[in-house]
There are 2 protein chains.
Amino acid sequence: MTTLQSKKWVFAMAAAALVSASMGCKPTTPDAASVGDAAERVYVKPGTHDEFYNIVSGGFNGQMSVVGLPSGRVLRILPVFSAHPENGYGFSEESKPMLNTSHGYVPWDDLHHISLSQTKGEHDGRWAFGNANNTPRIARVDLKSFETVEILEIPNSSGNHSSPFITENTEYVVASTRFSVPLGGDAERDVPINTFKENFKGTVSFIKVDDEGHMSIAFQLVTPGMSFDLARAGKGKSHGWFFFSTYNSEQAYTLLEVNASQRDKDFIMAVNWKKAEEYIAAGKGKMTKAKYAHNVMDHNSHIATSTMMEEVLQLDPVELKDIIYFIPCPKSPHGTDVDPTGEYIVGSGKLAALIPVFSFTKLMKAIEAQDFEGEYAGIPVVRYESALHGEVKKPGLGPLHTEFDGRGNAYTSMFVSSEVVKWSIETLEVLDRAPTYYSVGHLSVPGGPTAKPHGKYLVAYNKITKDRYLPTGPELTQSAQLYDISGDKMQLLLDFPTIGEPHYAEAIPAALVEPNSIKFYKLEDNTHPYAAKGEGQARVERKGKEVHVYMTSIRSHFSPDNIEGVKLGDEVYFHVTNLEQDWDVPHGFAIKGANTAEILIMPGATQTLKWVPDRVGVVAFYCTDFCSALHQEMQGYIRVSPANSDVELKYSLGETGPQ
Amino acid sequence: MTTLQSKKWVFAMAAAALVSASMGCKPTTPDAASVGDAAERVYVKPGTHDEFYNIVSGGFNGQMSVVGLPSGRVLRILPVFSAHPENGYGFSEESKPMLNTSHGYVPWDDLHHISLSQTKGEHDGRWAFGNANNTPRIARVDLKSFETVEILEIPNSSGNHSSPFITENTEYVVASTRFSVPLGGDAERDVPINTFKENFKGTVSFIKVDDEGHMSIAFQLVTPGMSFDLARAGKGKSHGWFFFSTYNSEQAYTLLEVNASQRDKDFIMAVNWKKAEEYIAAGKGKMTKAKYAHNVMDHNSHIATSTMMEEVLQLDPVELKDIIYFIPCPKSPHGTDVDPTGEYIVGSGKLAALIPVFSFTKLMKAIEAQDFEGEYAGIPVVRYESALHGEVKKPGLGPLHTEFDGRGNAYTSMFVSSEVVKWSIETLEVLDRAPTYYSVGHLSVPGGPTAKPHGKYLVAYNKITKDRYLPTGPELTQSAQLYDISGDKMQLLLDFPTIGEPHYAEAIPAALVEPNSIKFYKLEDNTHPYAAKGEGQARVERKGKEVHVYMTSIRSHFSPDNIEGVKLGDEVYFHVTNLEQDWDVPHGFAIKGANTAEILIMPGATQTLKWVPDRVGVVAFYCTDFCSALHQEMQGYIRVSPANSDVELKYSLGETGPQ
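Along each chain, the written sequence defines residue order, and numbers are assigned to residues from 1. Written order decides the labels, with chains lettered from A and ligands numbered from 1. Per-residue local features of the predicted model are confined to residues with pLDDT of at least 70, and side-chain atom pairs are confined, for both listing and counting, to 80 or more; whole-chain, interface and lining totals are unaffected and use all residues. Side-chain descriptors were evaluated using all non-hydrogen atoms of the structure, hydrogens and water having been removed beforehand.

A.B. asks: Looking at this structure, I do not really get the relation of the copies chain A and chain B. What am I missing?
C.D. replies: Two copies of the chain are present, and they differ by a rotation about an axis and a shift along that axis. When the copies are superposed, the least-squares fit takes in the C-alpha atoms of residues with a pLDDT of at least 70 in both. Overlay of chain A on chain B (RMSD 0.0 Å): rotation 180 degrees, translation along the axis 0.0 Å. The transformation just described matches what one would write down for a two-fold rotation axis. Nearest to the rotation axis, the C-alpha of Ala39(A) is located 2.7 Å from it, this being the minimum over chain A. Here 99% of the contact residues of chain A are again contact residues in chain B; the copies associate through an equivalent surface. Two residues form a contact once any of their heavy atoms are found within 4.5 Å.

Encoded structure:
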């Protein structure tokens, strides 16, 4: 195929996507349940709770959001990779180190995929992992506190898209580079872009997760230069293996929409990580220099610490045989998904007109028999037909992702033809199709990626919103659609807008998370070195140019609430401890006109706002979170004098009345 | 009353609030509509639109959110005062100046109140104004583009809570200080906090809004030292007057929860702004030095410009008689609200056991007759009984805010007793009461603050969420409740979570906004100096250490997409023009591992990301907003060489294939 032909074909695909979207522009509700019926099925009446937590990636907002299903209501935005002025995440002295990287403080990222922790292949409700697609990082959120408690940077990666997929006992989460780049020292990295084939490499990192959830990079595979897109761990019989979709096996570096769409097949890469572990146990692999940050939030002080790591263990799978094999997969595969039994691996080639389903049993036989069609960059390529269970014919246009319901059915999103297609894993027969509005990306079935899906609902996360809601100018929300999949036919129940741009999401029954959710932090467990655990400990101390305010907050006053003797040139640290010991009584703290954000302090915790006064005068501070009938009165004043002033440091603990 | 007694009383109030909240802890639905009925009434079926836009303040998130009613769905978060990593607001070179103040760049604020523009006392759908409660600012959002297009800082203000309330033809929005502080030069401002009575002053600013929406400070009243809380303009017969609630007439400066709750009555301050205009026309008032920023976003280039202003016209209402009068109002009034006719002014004293309703006609008569009970700080105080229409007896505990339905009814939120109370403006009789979960703050009825409310719904914005949704650890969403108020009795229909902490909100019929909402920016109108309005204009230019990339984006490639010859020490400006001319096809742009955010470029617009490379190597860039089936291929590379490298600047426009 010539470049020109390829271009035409690609443009035809794009045109089809446009037609598909525009055809649906007039609001319609094909296949929807009756209005009254659908309304009742998504209505969660006041005072009752949703049935599932849906932990949804925020895409280019860098956060996760917690959505209730079936209501579609956004129950919270969890700050993960982006600074969050709302609660001071990334602004408080305690949380700033969480956003530290080898490039310094990075206030934003592009979070694409969620993995919830598993035990024996099932959701266990402990943690949610998310990937930073831009600056390569993985975060862990504690599902007891719904706090981001750990962020690990990934070295030798340029984009961390194929991440953070998880093994069935949370042994590992993986992180593979989206873009290959030259690795090594300055001289090896400063090479012409058109030397891609010689110099550009990919990496796949296996990150060990210990019993407490702490992450460390166990090893990194250095692969041929290509792009990794998505991945899934084996489970059950295929436990010990991991499957990654790859694209750009053409090794193009410019105009990829044409140049990386040349080959009829790219690959699914099968990784035998138990084999890699054997090599490591035998002393194989090379420890190489690599600079990357590892940031951990302490449970008791809520202080994040950032450690710069120095090296990583690399394995070369060309040299160390039997770690990786390629399976041909048409065409520019996006999703690779493993069914609940672990036997079937579904490859979704976004430019393919069919969906191949591979058999793990057949794959093992083919590898054992060395039934290869050749090599790619020194890696054996298994014969397509030998690993194939079968193909889903004419599923629709632009297959992207597949989820499972645990009843033998698979659901694949079709971006170009804007639909969800239900098919039988065993017979490969298409059973049902439902339109999406518009251009669906990922899908989520509660428990869908685990060994025991809960079925019942399917959420389609759509890429184009257009006319689905009241318009808000050129910039629109992204959107999701909820389907009931409990019957033979999918029924559209609800459109709901999302926060940021959702990519993948997982849904988990409320019963696995709700009982363990903590309501406040115990003041007695607070180990923050600047905590004032009672009003008797409130005070102000000067250490050279630093002024440390040990402040308490409780409905409805701060102690101290009048401070004098601060001077231009000082750095003032307000360490505010929230003395409340009850649920949903945060206090906020802000300085009038400071050029930073607020801090929001949960009951029992301490947070620190640093302020460098820039002018002389009396400045008010106040509680930013409406906390009581007398919240408006929860305020104080700090007086800033010239640098050479002789005003002495003094403060009032709020015991004096007006004079 | 001694301080000790007062303290006890305050604690009793707080205890009542706790009991009220905890009593409701078991999910119940008193007074709710039947489930099926309520479900159908809030269900907006897929493909159809909500009936009202609800423009909701985000409180401590600093933004506005657009919510559809009756569904309660969040249709968009509009960045206003806080940096928004999601779309690059506050990070792009174009938008950074929007967050400029006299204290430099301020990335956060605390947005409390929304005012929608009015003509003849009715919503006209042009603009939404919001106040920054922390760094004193007012913003204007254009309801055609839903973009923040102007931000004006308020000088001589310490907190801008009583803001941005609006007159019936959008002649003015007002901005009054929440905290009084010492004003003047360094020497006047550097005074002991306990000299409050002598030295601390309040200010009330009247901001002129011209026909294009542009804001300028017309004049500023310098008032006695007190706190301003909320305000409403007169309308109809009371047009030309403005009413402000005040608290802390005790002039306390420490432990305000006790010391500012001493007096039985504080004040509503009535301002005759037409009188102020007369004085100004007669050359009265004093131009005084004041440094404050005025930031305007250009419609065609989307470039914000920040201008530092130098002076403001101040009027002294003690010297210039008849501008202001005080009306006594029990006790620590929070809301002051004017009914649709303009005749009645409702004062909601948050510690009061009744609600006084004043008559504008009686107030005018009392002023004319000089029927005063004395003076406060040189300002006449009208006799309470002379201005009073009557009192609503036993309305509940902790009245905060009042809205109107245009059918003679008022609705007041009761924070302490956690309920909404409906009463007759004419008879002052309580007609109905409905519990809220929990501790309601503001209320919003569509058109409620205008001369022609639309009635139908009431939204209660609650301050405590607790157990209303699936728990998300110690930090919870804030929450709203939707009531049907079309009948005699209020019916609870829906609980829905909010974004940030909502304070005030306004709701407006979709028909007033939807038809004017623009879908994209016309490329031909783009006046950005670095725009590349076609791929033929894509290029890279070096100007000393600055490298300017004139880049285009269109599905699914960037031009240029390979760049070499950038060196350590350079500043690279990616000026990305989105060539698409269709709705809902933004492109995003990010550099791998850059320590900034992304930019999100709407069709037809140009946005600029500045990047200072910090290491040698080849760095990928990519589109962050899933735009087509080949979105994953929308990428490029930039090579960074050492400072002393002789690699020359060159770039590829994406026409070459792999070599």
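Next comes the rest of the account.
A.B. asks: I tried to follow the sheet that holds strand E32 (residues 478-484) of chain B on my own but got confused; where do I start?
C.D. replies: Through backbone hydrogen bonds, the strands of a sheet pair up, either in parallel or in antiparallel fashion. Residues and elements named next belong to chain B. Here we have four strands laid out as an open sheet, ordered E30-E31-E32-E33, and antiparallel in their pairing. The open sheet has two free edges, formed respectively by strand E30 (440-444) and strand E33 (491-498), since each of these has just one partner strand. Taking the axes of each pair of neighbouring strands and ignoring which way they run, one obtains an average angle of 25 degrees across the sheet. Only strands that DSSP links by at least two bridges are regarded as paired with each other. Each helix corresponds to a stretch of at least 4 residues labelled H or I by DSSP, and each strand to a stretch of at least 2 residues labelled E; elements are numbered beginning at the N terminus. Here E32 runs beside E33; their pairing, made up of seven bridges, is antiparallel. Across the sheet, residue Ala480 finds its bridge partner in E33, namely Phe496. Here the axes come from fitting lines to C-alpha atoms, over the contacting stretch only for helices, and the angles between their N-to-C directions go from 0 to 180 degrees.

A.B. asks: I'm lost on the pattern of salt bridges in this one. Help?
C.D. replies: Close approach of charged atoms allows side chains with opposite charge to pair. The rule for a salt bridge is simple: a side-chain nitrogen of Lys or Arg has to be within 4 Å of a carboxyl oxygen of Asp or Glu. Counted according to the given criterion, the structure contains 60 salt bridges over all chains. Two residues, Arg407(B) and Asp405(B), come together in a salt bridge whose shortest N-O distance is 3.2 Å. Only protein chains enter the accessibility calculation, which uses a 1.4 Å probe; a residue is then buried when its area is under 20% of its type maximum, exposed when over 50%, and partly exposed in between. Residue classification places Asp405(B) among the buried residues on the basis of a relative accessible area of 3%. Taken together, the salt bridges that share partners define one network made up of Asp37(A), Arg41(A) and Asp484(A).

A.B. asks: How do you make sense of the pairing of strand E1 (residues 52-57) of chain A when you look at a structure like this?
C.D. replies: In summary, the side chains of a regular strand alternate between the two faces of the sheet. Residue and element names in this part refer to chain A. Most of E1 is tucked away, with six of its six residues classed as buried. By the alternation rule, side chains of E1 split into Phe52, Asn54 and Val56 and Tyr53, Ile55 and Ser57, which are all buried. As paired strands, E1 and strand E2 (residues 64-69) are joined by six bridges and run antiparallel to one another. Within E2, the residue paired with Ile55 across the bridge is Val66. Adjacent in sequence and paired antiparallel, E1 and E2 are bridged by six residues, among which Gly59 carries a positive phi angle near 55 degrees. In terms of strand pairing, E1 meets strand E34 (residues 505-509) through five bridges, oriented antiparallel.

A.B. asks: I would appreciate a short explanation of the sheet that holds strand E21 (residues 344-349) of chain A in the present structure.
C.D. replies: Residues and elements named next belong to chain A. An order of E20-E21-E22-E25 is seen for the four strands of this open sheet, with the pairing classed as antiparallel. Because the sheet does not close on itself, it has two edges, and the strands there are strand E20 (333-338) and strand E25 (388-393). Neighbour to neighbour, the strand axes of the sheet diverge by 20 degrees on average, direction disregarded. Sheet topology note: the E21/strand E22 (residues 354-359) ladder contains three bridges and is antiparallel. In the strand pairing of E22, Val346 is matched with Val357.

A.B. asks: I tried to follow the environment of Lys393(A) on my own but got confused; where do I start?
C.D. replies: Residue and element names in this part refer to chain A. Along the polypeptide, Lys393 turns up in strand E25. Considered as a pair, Lys393 and Val430 are 37 residues apart in the sequence and their alpha carbons are 8.1 Å apart. Within 3.5 Å is the distance limit for a polar contact, defined as a pair of N or O atoms, with the added protein rule that one can donate a hydrogen and the other accept it, and that residues adjacent in sequence qualify only through two side-chain atoms. In terms of polar contacts, Lys393 uses its side chain to reach the side chain of Glu391, at 2.6 Å.

A.B. asks: So what exactly am I meant to see when it comes to the domain arrangement of chain A here?
C.D. replies: By convention, interface size is frequently given as the accessible area that disappears when the constituent parts associate. All names here are of chain A. By convention here, the domain bounds are inherited from an automatic or database domain assignment. Under the domain assignment, chain A is made up of domain 1 (3-516) and domain 2 (523-652). Distance between the C-alpha centres of domain 1 and domain 2: 43 Å. Between domain 1 and domain 2, the contact holds 13 residues from the first and 16 residues from the second. Buried area is understood as the total, over both parts, of accessible area removed when two parts are fitted together, assessed with a 1.4 Å probe. When the two sides are added together, the surface that domain 1 and domain 2 hide from each other amounts to roughly 1100 Å², 52% of it contributed by carbon and sulfur. For the domain 1 face of the interface with domain 2, the top three residues by lost area are Glu93, Glu94 and Asn300, together amounting to 39%. Counting every contact that joins domain 1 to domain 2 gives zero salt bridges. Any residue that is not Ala, Val, Leu, Ile, Met, Phe, Trp, Tyr, Cys, Pro, Asp, Glu, Lys or Arg is counted as polar, Gly included; the first ten are nonpolar and the last four charged. Its residues assigned to classes, the side of domain 1 that touches domain 2 comprises three nonpolar, six polar and four charged.

A.B. asks: Is there a simple way to think about the interface of chain A and chain B in this case?
C.D. replies: Listed as interface residues are 167 residues of chain A and, on the opposing side, 166 residues of chain B. For the pair chain A and chain B, the two sides together bury roughly 14800 Å², of which 58% comes from carbon and sulfur. Of all residues in chain A, Leu470(A), Pro474(A) and Gln632(A) bury the most surface against chain B, accounting for 6% of the area lost on that side. In this assembly, chain A and chain B are joined by six salt bridges.

A.B. asks: Would you explain the side chain of Asp339(B) in this entry?
C.D. replies: All names here are of chain B. Residue position: Asp339 is located in the loop between strand E20 (333-338) and strand E21 (344-349). Two residue types count as positive, namely Lys and Arg, and two as negative, namely Asp and Glu; His and chain ends fall outside the count. Buried and unpaired, Asp339 has Lys235 as its nearest opposite-charge partner, separated by 6.2 Å. A distance of 2.9 Å separates the side chain of Asp339 from the side chain of Thr341, its partner in a polar contact. Discounting residues that sit within four places of it in the chain, Asp339 has contacts with Lys235, Tyr344, Phe404 and Ile425.

A.B. asks: What should I look at first to understand helix H7 (residues 360-368) of chain B in this one?
C.D. replies: The periodicity of an α-helix, 3.6 residues per turn, causes residues three or four places apart in sequence to face the same way. Residue and element names in this part refer to chain B. All of the buried residues along H7 are Phe360, Leu363, Ala366 and Ile367. Mapping the buried residues of H7 onto a view down its axis gives an arc of 120 degrees, with all of them on the same face. Facing away from the buried side of H7, by more than 90 degrees, are the exposed residues Lys365 and Glu368. The N-cap residue of H7 is Ser359: its side-chain oxygen and the backbone nitrogen of Thr361 are 3.3 Å apart. In this description, one arc is meant: the one made by directions from the helix axis to the C-beta atoms.

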